[in-house]
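# Summary of structural features
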Amino acid sequence: MNTETLIPKLGVVTDIRIDTPDVKTFRVVGLDGKKVFTHIPGQCAMLSVPGVGEAMFSITSSPTNEQFMEFSIKKCGCLTNWLHAMDVGQQITIRGPYGNGFPVEGALKGKDLLFIAGGIGLAPLRSVINYVRDKRQNYGSVQIVYGSRSKEDLVDYQEILDEWMADEGIQVNLTIDRAQEGWDGHVGFVPNYVKELQPDIHKTVLLCGPPIMIKFTLEGLKELGFSETQVYTTMELRMKCGVGKCGRCNIGSKYVCKDGPVFRFDQLDELPNEY
């Protein structure tokens, strides 16, 4: 590992967007007003508030964005509560990038891609989706299946409507768990919706979401005829130290922070207990 990634750098929060009732997207630059470091889609960074704590988060902006980095963060604990209470202009420390990222310049190049996300699981995939959109000629067709508990819980909803759905060659299928007023789209859970949509089984799949959703979606994909070699996921939620020392992210013979967080399902000897 490059020791440079271990050294925290000061970052400034220049914009905070409210995505859902419990998710905010933070835009971060260095003290010089520039991007703190370069990354590849799927990589993570360690964000820290000295005296409060630190945690690993996906970088949700695309590497093709050279001005700043973004992080979509769900409010779920001490550090994230503190971040959610921050104002624009406040400083945090940032270090990274960590992890292997998605093979956008390798195995995914030239392929038809199927992105499947549940809830905050869209955040790590947003980086890849926007990378693919910016380098459109390098990839085949793109289909995005995304679901959340309610319309209000759909992360990046405005960007999906204004940009992704407006792109030619990109098919977006949205669903919410239960019917609600003002929603005339699909209603139902993501794994069932994927089966209903009957996607072409030659597509390469990028899957991210809560463990139960991943489990049932993977089972459904196999029923449709997909193999584990076609399906990639990211498990950065299990990372803590980022350098293979604390053991929290251990899965079988793998460490998520050193071997991942991106895995093809056939590379995992076993799924973590929660799956």
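Residues numbered from 1 in each chain as written. Predicted model: local features only at pLDDT ≥ 70, side-chain atom pairs only at ≥ 80, totals over all residues. Heavy atoms only, no water.

If you look at the biggest cluster of nonpolar residues, it comprises 31 residues, and the most contacted ones within it are F102, L108, F115, L125, I144, Y146 and L206. Contributions of two or more residues to this core are made by β7 (113-118), α2 (122-134), β8 (142-148), α3 (157-164), β9 (170-176) and β11 (204-208). It is α2 that contributes the most residues to this core, 6 residues altogether. (Core = buried A, V, L, I, M, F, W, Y, C linked by side-chain atoms within 4.5 Å. Buried < 20%, exposed > 50% of the residue type's maximum accessible area, 1.4 Å probe, protein only. Helix = DSSP H or I, 4+ residues; strand = E, 2+ residues; numbered from the N terminus.)

This part takes up the sheet that holds strand β15 (residues 262-264). Note: strands within a sheet are paired through backbone hydrogen bonds, in either parallel or antiparallel orientation. Strand order in this open sheet of 7 strands is β10-β9-β8-β7-β11-β12-β15, and the pairing throughout is mixed. One side of each edge strand has no neighbouring strand; the edge strands of this open sheet are β10 (186-187) and β15. Strand direction decides the pairing type here: β9 and β10, joined by 2 bridges, are parallel. Its bridge partner lying in β10, I176 is registered against V187. Packed onto the sheet, α2 meets β7, β8, β9, β11 and β12 (231-234) and runs at close to 155 degrees relative to β7. (Pairing = 2+ DSSP bridges. Contact = heavy atoms within 4.5 Å. Axes fitted to C-alpha atoms, helices over the stretch in contact; angles between N-to-C directions.)

Here we take up α3. Every buried residue belonging to α3 is among Y157, E159, I160 and W164, and all of these are buried. Angularly, the buried residues of α3 cover 165 degrees about the axis, an arc narrow enough to put them on a single face. Turning to α3, the residues buried within the fold contact α2, β8 and β9. (Arc of directions from axis to C-beta.)

This next bit is on the pairing of β11. The buried count for β11 comes to 5 of 5 residues, which makes it a mostly enclosed element. Here β11 shows a buried face lined by T204, L206 and C208 and a second buried face lined by V205 and L207. Where β7 meets β11, 5 bridges bridge the pair, whose relative direction is parallel. By the bridge assignment, F115 is partnered in β11 with L206.

On to the sheet that holds strand β2 (residues 23-30), then. Spatially, 6 strands are ordered β4-β3-β6-β1-β2-β5 in an open sheet, and the strand pairing comes out antiparallel. Across the chains shown, the open sheet's two edge strands, defined by having one partner strand only, are β4 (53-58) and β5 (69-74). For this sheet the average axis-to-axis angle between neighbouring strands, irrespective of direction, equals 40 degrees. When strand β3 (residues 44-49) meets β4, the two strands line up antiparallel, connected through 6 bridges.

Okay, helix α4 (residues 190-197) next. Considered for burial, the residues of α4 that qualify are V190, P191, Y193 and V194. Projected down its long axis, α4 carries its buried residues within an arc of 160 degrees, all on one side. Along its buried surface, α4 packs onto β7, β8, β9, β10 and α5 (211-224). Positive backbone phi, at 50 degrees, marks Q198, one or two positions downstream of α4.

In this section: the UniProt feature "binding site: [2Fe-2S] cluster" (unreviewed entry) in the protein chain. According to UniProt, the feature "binding site: [2Fe-2S] cluster" (unreviewed entry) maps to C241, C246, C249 and C257 in the numbering used here. When you line up the elements, C257 lands in helix α6 (residues 256-259). (UniProt positions renumbered as here; feature names shortened; annotations may be inferred.)

Applying the stated criterion to the full structure yields 18 salt bridges. In this structure, E70 and R126 form a salt bridge, with 2.9 Å as the shortest nitrogen-oxygen distance. Residue E70 is found in strand β5, and its partner R126 is found in helix α2; the two are separated by 56 residues along the sequence. In this structure, D156 engages R126 in a salt bridge whose closest nitrogen and oxygen atoms are separated by 3.8 Å. Residue D156 is located in the loop between β8 and α3, and its partner R126 is located in helix α2; the two are separated by 30 residues in the primary sequence. Each member of the pair, D156 as well as R126, is classed as buried. (Salt bridge = Lys/Arg side-chain N within 4 Å of Asp/Glu carboxyl O.)

Another point: the pairing of β12. Looking along a regular strand, one sees the side chains alternate between the two faces of the sheet. Here β12 shows two buried faces, one formed by V231 and T233 and the other by Y232 and T234. As judged from the 3 bridges shared by β11 and β12, these two strands associate in the parallel manner. Counterpart to V205 in the pairing with β12 is V231. One crossover worth recording links β11 to the parallel β12 by way of α5, and it is right-handed. (Right-handed = clockwise from strand over helix to strand, strands pointing away.)

The next point concerns the packing of α2 against α3. Where α2 contacts α3, the two axes come as close as 13 Å, and the packing angle between them is 20 degrees. The orientation of α2 relative to α3 falls into the category roughly parallel. Regarding α2 and α3, the two cross each other, and that crossing is left-handed. On α3, the residues that touch L122, R126, I129, N130 and R133 of α2 are E159, I160, E163 and W164. (Parallel < 35°, antiparallel > 145°, perpendicular 65-115°, else oblique. Left-handed = near helix turned anticlockwise from the far one by under 90°.)

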